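Analysis of the macromolecular model
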Amino acid sequence: MPADPPRFRPNPRLTPVRSTYRLQLRPDGLTFAQAAAIAEYLQQLGVSHIYLSPVMTATHGSTHGYDVTDPTAVSPALGGPVGLKALADEARNRGMGLIMDLVPNHAGVADPQQNPWWWHVLQFGRKSQFAPFFDIDWSPGNGVGGRLALPVLRSENDPAALTVDRSGPEPLLALYDLRFPIAPGTDGDNALRIHDKQHYRLVSRKSGICGYRRYLSIDGLAALRQEDPHVFEATHRELAAWCEHDLIDGVRVDHPDGLADPTDYLQRLRRLIGPNRLLLVEKTLANREPLDATLPIDGTTGYDTLADFGGVLLEPAGEPILTELSRHITGHGSDRVWVGEKEHRIKRAVAESILLPEIRRLVAAIKQDADAEDFDTMALTNATIEVLSFLPVARADYTPLAGMISAVLAEVEKRNAELRVPLSVLVTALTRGASAWSRFHQVSTAIGAKAVEDILFYRAVRLVSLQELGGNPARFGRTVNEFHLANASRALRWPASMTTLSTHDTKRGEDVRARIGILSQVPRMWARAVTLWLEKLPPPDGATALFLLQNMFGMWPADGRPASSVPGLRERVHRFAEKAMRESGLHTAWEEPDVEFESAVHTWLDQVIDGPVGRQLTDLAHDLAPHAWSDSLAQKLLQLCGPGIPDIYQGCEVWEDSLVDPDNRRPVDFGSRIAMLHTLTTTPALDITGAAKMWVVAYALWLRRERPECFVGGSYTPVFGHGEHADKLVAYARGRVGADPEILVVVTRHSVAIGETGWADTYIELPSGSWTDRLTGHTFQNRARTEKLFARLPVALLVR
C-alpha cells in the first residue's frame, strides 16, 4: 500500500514522543507537585512523556477536569501556573516532556457562580460580551419567550423554593445550594417576581427545554462556539503561551466532533502550536471508518486500536455458544442483526427524548436555511431523526465520508416513500452549508455517543469485553490477518497516532477486558456455570444478571480470597451495577429511577457475593487467572511495540481491576509500584503480583528509547508461525525503514487450548542473526520453538 508523508516531525528543541503515561490530576490526590514527585519513577519505567488530564480551572473538587469553569487560568487547586512550570521543568530535566489535554468544546456551568463567563451571561443576557461565546438559543420560540432556559428544577414545585440571598455584597436568587445573579434594576421583595424579570428562566429538568447546546446531553456542560475567532483566542491563550515557551510537546483535543467545524478548528490549532508538536484527537471511529487523512493531525487517542489488540486474542469458535447463551437468557443473541436493529431504535429514542432540545433547534435551522418556515414541523422532525438514526458514523462531513448522507437519505426514502417531501426540505437546507449543516453533524455526534456508548453497550450481553470505545458488540474479534493489515496501515499512514488499552473513559480496564475475553475460549464452561447460577439464584432480570456476572468475573479476586473479604469490592460492584442499570434504561433510568427494581438487583448481588455463586466465581477466576494474565501481557506487548505511540493509563503497568468511571479514576498507589520497579532484577513469575506486566512494560519502553527509529516511523512486517498450533500465536517484526528487522514480538493467543495440548512442533523462522529475548535473556538462532520461547513467559521480545 502507498505511504503517506509522515506527519510528525520532531522539533530539536522538543523531546521526541516515544510513549506517554496518562495521569488523572485531581486536587485531592495528584497535583502538579505530586506528579513531579513521580517523574523519576516514570523516567525509570521508560516513559518519554507525561500526558496530563485537563489542567485549566474546573469545578471545585473535580476528579477529571473536563468541567472547565475558567479556560483562561491554570487550576490553582492543582498548583497553578507556577506548579505547572515546575512540573514541565522536572520532566524536561529528565529528558521527558508534557502532553496536554485540551477541552475546546464545552465549559462547566452546573454551578453558575464558578464560571465567570456564564455568570455574566445570566446577569446581562444578550448584551453580555460573553453571550456569543456560548451556543445559546435566544429565539422567541425557544419555549421560554426568548430567555435562556436553565433546566435545574427537580420538580414543577421548585419555583416555590426560590428565595433571595442577601448575605453577600449583592443579592442573589437562591434555589437550594445554587445561586443565580439578579440583573441590575430588577431586585425586589418577591423571589418569583424577581425571577420573572431575569434574562434566564429556571425550568424543570423533565421539560425537554434547554436554552443552550450541551455537551452530549449533560446539562452542566454548555457548548462553546470555537467557530468564533474571539472564543478561540480567549480559550487558547494559555496554550499559545505554553507553546511560545516550549513548555509542552503535544496536545490531545477532547471531542472535536462536537464542534461546528472540526476541520477548520484543527487547522487553526495546528497553526497555533506549529508543525512540530504532536496533535491528537479524541475520536471514536465506526466500524471500518477511515480517519480523515486531510486533517492536520498526527492521529487519534487510540480508541480505534483498542479493539484490535484485544480482538485478535479472542477465540472465534466461542461465538456461537456465547450467542446461544445470550439468546437462552435474554431472548436475543446480541448478534449483528440484533445490534443493527437496536442501534436504529435507540438512536430514535434518544433523539426524541434526552436530545429533544437539540433536535428542535436543528429543525428550526433546517426550516430557516431551506426557506420553509411554514413547513410541517412534525413531518420534518420525523424525517430528520430517521436520517440521523441510520448514520453509521459520528458525523459524516469528513472528506473520506463524502456521499454517505446521500446514501443514507436514499435508503430512508426507499424504506418510507412518505418522507420524500420532508427529506427534500432537509436536503435543501444541507446544501446551503449554513447553520443546519453544522448543527446536523453536531446532533449526529451526540445521538451516536448517547445511543451506542451509553445505552447499547449496556444492553448487549453476549461478550461484554466487545462493548468498548472503538469496539462493536456485533463484531466478534479480529483474525490475525485483519490485525496485521490494520497495523501495517497504521505504520504507513499514522505512524505517530496514539495507541491505548485503558483510558479514563473506557468501560472497563484492560486486564478486566482480557479476563472477560477468556470466556471465548471456555464458552461451554461459562454457559454451564451461568445457567446453573441463575437456576439456583434467580435474578430480577436475566439480561442484567448476565451483563453483571461477566463484569464481576472480570474484576473478581484471583487469589482465592472470598470476594466478601476484599475491602471496597462490594461497594464498587453496587456502584457499577447502579450505573449499568440506569445507562441501559430498560428497567430504570437516571431521570426516573425504579427503586424497587434496583433494590431487587442489589439484594441479588449481595446474595451472589456472600453465597455459593460468589465462591464458584472465585474458583473460576482463580483457575482461569493464568490465561487471563497471558492475554493481558499479550495485548500489552502488542500495543507497546506496535505502530504508533503507546499510552499507559495510570497504574496499568501492573494488573488492574477497574470498571467504568469513576472506578477507573481512583487514586493510584505509586509507592508500591516504585518499590516493585526497584526490586525487579530477574524475570518474574506470572502471578497475582503483576510484576510480570511491569517487567514487560519496562523492557518494551526501554527498547523504544534505545531504538526509536524502529518504532515511530519504523517498518512493520507480519510474522507467521509454522507447525500444529501456528494459529495460536501472533507475531510481527519492527525495524528501520529500508533495513532488516531488528525487533520481533511474539505472543500467545488461545492459551487454554495450549494448556491442554502443549505447543507440539510449533515454531517461528527467525531472520539471520542471533536474537535475544529481552524479557528472559534466552538467545535463539534460525528457528525458535514456541515451547522454549514461551518457557518463562507467554510473550517474547526478541532483539537482533
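Residues numbered from 1 in each chain as written. Predicted model: local features only at pLDDT ≥ 70, side-chain atom pairs only at ≥ 80, totals over all residues. Heavy atoms only, no water.

The protein appears in an unreviewed UniProt entry as Malto-oligosyltrehalose synthase from Nocardia carnea.

**Some remarks on the pairing of strand S21 (residues 743-748)**
Here is the rule: Type-normalised accessible area, obtained with a 1.4 Å probe on protein chains alone, sets the label of each residue: buried when under 20%, exposed when over 50%, and partly exposed for intermediate values. Secondary structure counts use DSSP, requiring at least four H or I residues in a row for a helix and at least two E residues in a row for a strand, with both numbered from the N terminus. At least two bridges found by DSSP between two strands is the condition for calling them paired.
Among the 6 residues of S21, 6 are classified as buried, and the element is accordingly described as predominantly covered. By the alternation rule, side chains of S21 split into Ile 743, Val 745 and Val 747 and Leu 744, Val 746 and Thr 748, which are all buried. Pairing analysis gives 6 bridges linking strand S20 (residues 729-735) to S21, with the strands arranged antiparallel. Residue pairing across strands places Val 730 opposite Val 747, the latter belonging to S21. Sheet analysis places S21 next to strand S24 (residues 795-799), joined by 5 bridges and oriented antiparallel. Of the residues in S24, the one forming a bridge with Val 745 is Leu 797.

**Looking at helix H7 (residues 237-244)**
Threshold: Summarising the geometry, the arc corresponds to the directions from the helix axis toward the C-beta atoms. In what follows, residue pairs with any heavy atoms lying within 4.5 Å of each other are defined as contacts.
Along H7, the residues that are buried comprise Leu 239, Trp 242 and Cys 243. In a view along the axis of H7, the buried residues occupy a sector of 95 degrees, so they form one face of it. Here the buried face of H7 lies against strand S3 (56-58), strand S4 (68-74), helix H3 (80-93), strand S5 (97-102), strand S14 (250-253) and helix H8 (262-273). Two residues or fewer after H7 comes Asp 246, characterised by a positive phi angle close to 50 degrees.

**Focus: the environment of Leu 291**
Among the structural elements, Leu 291 can be located in the loop between strand S15 (278-281) and strand S16 (299-300). Beyond its immediate stretch of four places on either side in the chain, Leu 291 contacts Lys 283, Leu 285, Ile 297, Gly 299, Thr 300 and Trp 494.

**Comments concerning the packing of H7 against H8**
Condition: Angles here are taken between N-to-C directions and fall from 0 to 180 degrees, while the axes themselves are lines fitted to C-alpha atoms, restricted in helices to the stretch in contact.
Packing of H7 against H8 brings their axes to within 9 Å, and their N-to-C directions diverge by 35 degrees. Facing H7, whose interface residues are Leu 239, Ala 240 and Cys 243, H8 presents Leu 269, Leu 272 and Ile 273.

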